[in-house]
Amino acid sequence: MEGQIFIDNSEIGIVEFKIIDESMGAIGGDFVATENYGKFKSEVQKLTKKNGNADSQNFNFRIVIENTELNPIGGICLIDSKEFAEMYLDAAGISQSELEKVNG
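Only a predicted model underlies this, so the values are computations on that prediction, with no experimental measurement involved.

A. Highlighting helix 1 (residues 41–51). Inspection of helix 1 places Val44, Gln45, Leu47 and Thr48 among the buried residues, and these make up the whole buried set. The buried residues of helix 1 occupy one face: seen down the axis, they fall within an arc of 165 degrees. Looking at helix 1, the residues exposed on the side facing more than 90 degrees away from the buried face are Lys46, Lys49 and Lys50. Looking at the buried side of helix 1, the elements it contacts are strand 5 (54–55) and strand 8 (75–80). One or two positions beyond helix 1, positive phi appears at Gly52, with a value near 95 degrees.

B. Focus on the pairing of strand 2 (residues 10–16). With six bridges connecting them, strand 1 (residues 2–7) and strand 2 associate as antiparallel partners. Counted as the bridge partner of Gln4 is Ile14 from strand 2. The antiparallel hairpin formed by strand 1 and strand 2 contains two residues in its connecting segment, where Asp8 sits at a positive phi of about 55 degrees.

C. Inspection of the pattern of salt bridges at higher detail. Applying the stated criterion to the full structure yields two salt bridges. The partner of Arg62 in a salt bridge is Glu69, with the nearest N and O atoms 3.0 Å apart.

Criteria and thresholds
Residues numbered from 1 in each chain as written. Predicted model: local features only at pLDDT ≥ 70, side-chain atom pairs only at ≥ 80, totals over all residues. Heavy atoms only, no water. Buried < 20%, exposed > 50% of the residue type's maximum accessible area, 1.4 Å probe, protein only. Helix = DSSP H or I, 4+ residues; strand = E, 2+ residues; numbered from the N terminus. Arc of directions from axis to C-beta. Contact = heavy atoms within 4.5 Å. Pairing = 2+ DSSP bridges. Salt bridge = Lys/Arg side-chain N within 4 Å of Asp/Glu carboxyl O.

Shown next as structure tokens:
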């Protein structure tokens, strides 16, 4: 399931999500940045180096899948390390009904 990732109202990327832990309502996948991500990249990388990731306490991350905005009560985390060429985003605490809506 492909999701659009936003910080506030700026679309910063897309993720092809997979359910990584159904019991915890967790989804994750590789983050593919859009041009808007450049505005946030430096700060996300600093937070990744310092804390292991940038999360919902740092930015107002939003996930939209098939015109449905998810409400992950466990938060959203983005990892973007300068040392690695991969970026990863995950979210936890998504209700079973929300997962069913977007996962068909």
